[in-house]
Amino acid sequence: MRLAVRGVLFFVLVLSGGLSAQERLNITLQANESAPYWVEKDSCSGMGCEILKAISHEAGIDTTIEFRPLKRLIADTSNNDLGNPLFYMNNQSFAAVIPIAVTYTAFFSYLPHTQECRLPQKECSKRHIGALKGTISNPASLSGFGEFEESYSHESLFKKLHKGRLDLVLELDLVGNRTIRSLFPNETDKFGIQVIPETVSPIAIMIDSSTPNALQIGRRYQEGLHRIIRNGTYQKILDKYYTALPVPSDWYNHLTQFEQIYSFESVQERR
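Residues numbered from 1 in each chain as written. Predicted model: local features only at pLDDT ≥ 70, side-chain atom pairs only at ≥ 80, totals over all residues. Heavy atoms only, no water.

J.: Would you explain helix α1 (residues 47-59) in this entry?
T.: A turn of α-helix holds 3.6 residues, and therefore any two residues three or four places apart point the same way. Spanning 13 residues, α1 covers 18 Å between terminal C-alpha atoms, matching the ideal 18 Å at 1.5 Å per step. Every buried residue of α1 is listed here: Met47, Gly48, Cys49, Ile51, Leu52, Ala54, Ile55, Ser56 and Ala59. Gly60 occupies a position one or two residues after α1 and carries a positive phi of about 70°. (Helix = DSSP H or I, 4+ residues; strand = E, 2+ residues; numbered from the N terminus. Expected span 1.5 Å × (residues − 1). Buried < 20%, exposed > 50% of the residue type's maximum accessible area, 1.4 Å probe, protein only.)

J.: How do you make sense of the sheet that holds strand β9 (residues 191-195) when you look at a structure like this?
T.: Sheet architecture is open: five strands sit in the order β7-β6-β8-β5-β9, paired in mixed fashion. One side of each edge strand has no neighbouring strand; the edge strands of this open sheet are β7 (147-151) and β9. Between one strand axis and the next, the sheet turns through 30° on average, direction left out of account. Relative to strand β8 (residues 168-172), helix α3 (residues 154-163) is tilted by about 150°, and along the sheet it contacts β5 (105-110), β6 (128-132), β7, β8 and β9. Strand contacts of helix α4 (residues 173-183): β5, β8 and β9, with the helix running at about 115° to β8, the strand carrying the most contacts. (Pairing = 2+ DSSP bridges. Axes fitted to C-alpha atoms, helices over the stretch in contact; angles between N-to-C directions. Contact = heavy atoms within 4.5 Å.)

J.: Can you help me understand the environment of Glu187 in this one?
T.: With respect to the helices and strands, Glu187 occurs in the loop between α4 and β9. Look at Glu187 and you get buried, because its relative accessible area is 17%. For the pair formed by Glu187 and Tyr110, sequence separation is 77 residues and the distance between their alpha carbons is 9.5 Å. Of note is the side chain of Glu187, whose polar atom sits 2.5 Å from the side chain of Tyr110. (Polar contact = N/O pair within 3.5 Å; in protein donor to acceptor, adjacent residues only side chain to side chain.)

J.: Got a minute to help me understand the nonpolar core in this structure?
T.: For soluble globular proteins, nonpolar side chains are generally found buried alongside one another. Trp38 and Tyr221 are the most contacted members of the largest nonpolar core, which has 55 residues in total. Per-element tally for this core: the top contributor is strand β4 (residues 94-103), with eight residues. Grouped together as the second largest cluster of nonpolar side chains are 12 residues, Ala106, Phe108, Tyr110 and Ile180 included. (Core = buried A, V, L, I, M, F, W, Y, C linked by side-chain atoms within 4.5 Å.)

J.: Can you help me understand the packing of aromatic side chains in this one?
T.: Between two aromatic rings, the relevant description is the distance of the centres plus the angle of the planes. This structure, assessed with the given rule, holds six aromatic pairs. Measuring from ring centre to ring centre gives 5.5 Å for Phe108 and Phe158, while their planes differ by 75°; the resulting arrangement is edge-to-face. Here Phe108, found in strand β5, pairs with Phe158, found in helix α3; they are 50 residues apart in sequence, far enough to count as distant. Take Phe108 and Phe158: they sit in the same class, and that class is buried. When the ring of Tyr110 is compared with that of Phe191, the centres are 5.0 Å apart and the planes differ by 50°; the resulting orientation is tilted. (Phe/Tyr/Trp six-rings, centres within 6.5 Å; stacked < 30°, edge-to-face > 60°.)

J.: Would you mind showing me how to read the state of the cysteines here?
T.: Here, the word disulfide means a covalent bond between the sulfur atoms of two cysteines. The full count for this structure, using the stated rule, is one disulfide. The disulfide partner of Cys44 is Cys49, and the gap between their sulfur atoms is 1.6 Å. Its torsion about the S-S bond being -60°, the disulfide of Cys44 and Cys49 is classed as left-handed. (Disulfide = S-S within 2.5 Å.)

J.: So what exactly am I meant to see when it comes to the pattern of salt bridges here?
T.: Inspection of the entire model under this criterion finds seven salt bridges. Among the salt bridges present, the one from Arg68 reaches Asp76, with a minimum N-O distance of 2.9 Å. There is no split in this pair, since Arg68 and Asp76 are both buried. (Salt bridge = Lys/Arg side-chain N within 4 Å of Asp/Glu carboxyl O.)

J.: Would you take a moment to explain the packing of α1 against helix α5 (residues 214-230) for this structure?
T.: Packed helix pairs are specified by the crossing angle of their axes together with the interaxial distance, meaning the distance between the axes. One can describe the packing of α1 onto α5 by two numbers: an axis separation of 8 Å at closest approach and a directional angle of 110°. The orientation of α1 with respect to α5, classified from their angle, is roughly perpendicular. Mapping the contact onto sequence places Ile51, Leu52, Ala54, Ile55, Ser56, Glu58 and Ala59 in α1 and Arg220, Tyr221, Gly224, Leu225, Arg227 and Ile228 in α5. Among the residues forming the contact of α1 with α5, the class breakdown is eight nonpolar, two polar and three charged. (Parallel < 35°, antiparallel > 145°, perpendicular 65-115°, else oblique. Nonpolar A, V, L, I, M, F, W, Y, C, P; charged D, E, K, R; others polar.)

J.: What am I meant to see in the packing of α3 against α4 here?
T.: Contact geometry of α3 with α4 gives a least axis separation of 10 Å together with a crossing angle of 70°. Taken as axis vectors, α3 and α4 run roughly perpendicular relative to one another. Considering the relative orientation of α3 and α4, their crossing is right-handed. From α3, His154, Glu155, Phe158 and Lys159 reach across to α4, where they touch Val175, Gly176, Thr179, Ile180 and Leu183. Of the residues assigned to the contact of α3 with α4, the class counts are four nonpolar, three polar and two charged. (Left-handed = near helix turned anticlockwise from the far one by under 90°.)

J.: Sorry, what's going on with the environment of Asp250 here?
T.: Considering the arrangement of structural elements, one finds Asp250 in the loop between α6 (233-241) and α7 (251-261). The exposure class of Asp250 is partly exposed, given its relative accessible area of 28%. Within the structure, the side chain of Asp250 is placed 3.0 Å from the side chain of His254, a separation counted as a polar contact.

J.: What is the right way to look at unusual backbone geometry in this model?
T.: Of all residues except glycine, most have a negative phi; of all peptide bonds, most are trans. The omega angle of the peptide bond from Ala35 to Pro36 is 5°, so this bond is cis rather than trans. Relative to the elements of secondary structure, Pro36 occurs in the loop between β1 (25-31) and α1. Unlike most non-glycine residues, Cys44 shows phi in positive territory, near 80°. Positionally, Cys44 belongs in the loop between β1 and α1.

Read these as geometric descriptors, not functional statements.
This is the structure:
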């Protein structure tokens, strides 16, 4: 279900006593490792890391990224997070949420084992579907697709799919394609992908309400994002990671929509 678009983000003058436009900042953000978006090695690599580094450069912010398990990130209610806001906002209050990318969820199948069944249909309800532990926020909404089985690693899910122990794997499009290329480089053409409509989600910077000058920090990150979109840096990063798949044509429309949904004014209203 699409969230209603509310409000438009207006940039305002920095409040007196806050940050100056030239003041350089040191901010720590925490993420859950999820290649190819967030990769811990090499001082953070992956699409999300590259976008964040480019934004930080434009914003005059020295950003440090720490990696922790998703469960611990959600349990911590005083840190600054990176990820899907829906995983965090029920437990934590954020002064600023800045969407910087979007994700597309898909069902992956191994074609030699795939039975004829167009989702969603009644006969599909007997299918065994794998998903990463903790990523299904509302299992009831997906009950019509089949019976879900959770696993702690992407690799485990696709190995089970390959062996026929799972009928489908629910995974982000780039994550699934990367895992398949890593595990089965000679069989990539034997895997099918079906993007699920209405499953587009944001990847966002989330600044905790207790962080000093949180609103001004959020606005600096947001302006940095707008600059790298205007100068072409953002598109170059997308093209680097969307090689096996084309960059979705509605990417920027969704990014703009999420920016409006999570505008600073809307975040304040939900607190």
